[in-house]
Amino acid sequence: MSPFLAEIIGTMILIILGDGVVAGVLLRKSKAENSGWIVITVGWGLAVAMAAYAVGSFSGAHLNPALTIALAAIGKFPWADVPSYILAQFIGAFLGAVVVWLHYLPHWKETEDQGAKLGIFCTGPGIRDTFGNLLSEIIGTFVLVLGILAIGANKFADGINPFIVGLLIVAIGVSLGGTTGYAINPARDLGPRIAHAVLPIAGKGSSDWGYAWIPVVGPVIGGILGALFYKAFFLA
């Protein structure tokens, strides 16, 4: 499997399981309805782990443009491969969102809350504050990239690393995710947001394009800062 295809499939798996758990919690008449934030954060952690297990041997399982750019910024990934990885990640995220829409097809019309429907596909702030929301995404992705690099520097039993990264995602969600929904990944947010905009979702509202740049720009900045911090203090 080529790295390009691996990043498409891996990011698609990530979104199927990640957006899927949010849909289960938020959509009316789902058996998981109202099961709460802990279920969502654990679901996203397992989504990252499963996606990484699936394609890590083929592409390194970046699954996130912020991580790809951050690794390139410190010389751990070739800049020439960055555009193809990012394109694959956005394609995979879009396709994953389409699968979630199809899987929960009867439930959209049963759910009146337009904000809940949008929240299945992409993130939004608890309190809308441009600087605060951007800062939250920067900090969350800083911790993500720093954590991934630190985990990679440790010796674990074979095959454990993706699971440990999944635990990192749970930790970020539980501790830092309450402000913006912790996109920490431009593809994870923008790809499904585009799907929300174009799919015939019953009773959907706005795709909130005025907010959409924050979960793109914030993670890129935070990822680069996290990688530079790791290089400066852990590799010095």
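As the structure is a prediction and not an experimental result, all values here were calculated from the model.

What counts and how
- Residues numbered from 1 in each chain as written.
- Predicted model: local features only at pLDDT ≥ 70, side-chain atom pairs only at ≥ 80, totals over all residues.
- Heavy atoms only, no water.
- Core = buried A, V, L, I, M, F, W, Y, C linked by side-chain atoms within 4.5 Å.
- Buried < 20%, exposed > 50% of the residue type's maximum accessible area, 1.4 Å probe, protein only.
- Helix = DSSP H or I, 4+ residues; strand = E, 2+ residues; numbered from the N terminus.
- Contact = heavy atoms within 4.5 Å.
- Axes fitted to C-alpha atoms, helices over the stretch in contact; angles between N-to-C directions.
- Parallel < 35°, antiparallel > 145°, perpendicular 65-115°, else oblique.
- Left-handed = near helix turned anticlockwise from the far one by under 90°.
- Nonpolar A, V, L, I, M, F, W, Y, C, P; charged D, E, K, R; others polar.
- UniProt positions renumbered as here; feature names shortened; annotations may be inferred.
- Phe/Tyr/Trp six-rings, centres within 6.5 Å; stacked < 30°, edge-to-face > 60°.
- 1 Å grid on protein atoms, 1.4 Å probe; cavity = no way out; pocket = protein on both sides within 12 Å on 5 of 7 lines; lining within 4 Å.
- Points joined across faces, edges and corners; volume = space filled by probe spheres on them.
- Salt bridge = Lys/Arg side-chain N within 4 Å of Asp/Glu carboxyl O.

Draft legend 1. Up close: the nonpolar core. Core analysis: the biggest nonpolar cluster contains 40 residues, and Leu14, Trp44, Trp108, Ile120 and Phe121 have the highest contact counts within it. Where this core is concerned, the elements lending two or more residues are helix 1 (3-26), helix 2 (37-59), helix 4 (82-103), helix 5 (114-121), helix 6 (130-152), helix 7 (161-176) and helix 8 (186-198). Discounting residues that sit within four places of it in the chain, Leu14 has contacts with Asp19, Trp44, Ala47, Val48, Ala51, Leu63 and Asn185.

Draft legend 2. Layout of the packing of helix 6 against helix 7. The contact between helix 6 and helix 7 brings their axes to 10 Å, and the two run at 155°. Comparing their axes, helix 7 and helix 6 come out roughly antiparallel. For the pair helix 6 and helix 7, the sense of crossing is right-handed. Where helix 6 abuts helix 7, its residues Ile139, Gly140, Val143, Leu144, Gly147, Ile148, Ile151 and Gly152 lie against Asn161, Ile164, Val165, Leu168, Ile169, Ile172 and Leu176. A breakdown of the residues in the contact of helix 6 with helix 7 according to their chemical character gives 11 nonpolar, four polar and no charged.

Draft legend 3. Layout of the UniProt feature "transmembrane region" (unreviewed entry) in the chain. As annotated by UniProt and renumbered to match this structure, "transmembrane region" (unreviewed entry) occupies residues 6-27, 36-55, 86-104, 134-151, 163-184 and 210-230. Taken end to end, residues 36-55 comprises 95% helix and 0% strand; its first and last C-alpha atoms sit 29 Å apart. Taken end to end, residues 86-104 has its terminal C-alpha atoms 27 Å apart, with 95% of it in helix and 0% in strand.

Draft legend 4. How the structure looks around the packing of aromatic side chains. Per the counting criterion, the structure on display carries six aromatic pairs. Plain terms: the ring middles of Phe77 and Tyr85 are 4.7 Å apart, the flat faces sit at 65° to each other, and that makes the pair edge-to-face. The same class applies to Phe77 as to Tyr85, namely buried.

Draft legend 5. Quick peek at the layout of surface pockets. One number sums up the size of the largest pocket: a volume of about 650 Å³. Taken together, 32 residues make up the lining of the largest pocket; nearest its centre are Ala61, His62, Leu67, Ile148 and Val165. Those elements that place two or more of their residues in the lining of the largest pocket are helix 2, helix 3 (65-73), helix 6 and helix 7. The dominant element in the lining of the largest pocket, judged by the number of residues it contributes, is helix 2, at six residues. Its residues assigned to classes, the lining of the largest pocket comprises 21 nonpolar, nine polar and two charged. Those elements that place two or more of their residues in the lining of the second largest pocket are helix 1, helix 2 and helix 5.

Draft legend 6. Up close: the pattern of salt bridges. Applying the stated rule across the entire model yields five salt bridges. With a closest N to O distance of 2.7 Å, Asp189 and Arg193 form a salt bridge. With Asp189 and Arg193 both in helix 8 and four residues apart, the pair spans about one turn of that helix. For the pair Asp189 and Arg193, one class covers both residues: buried.

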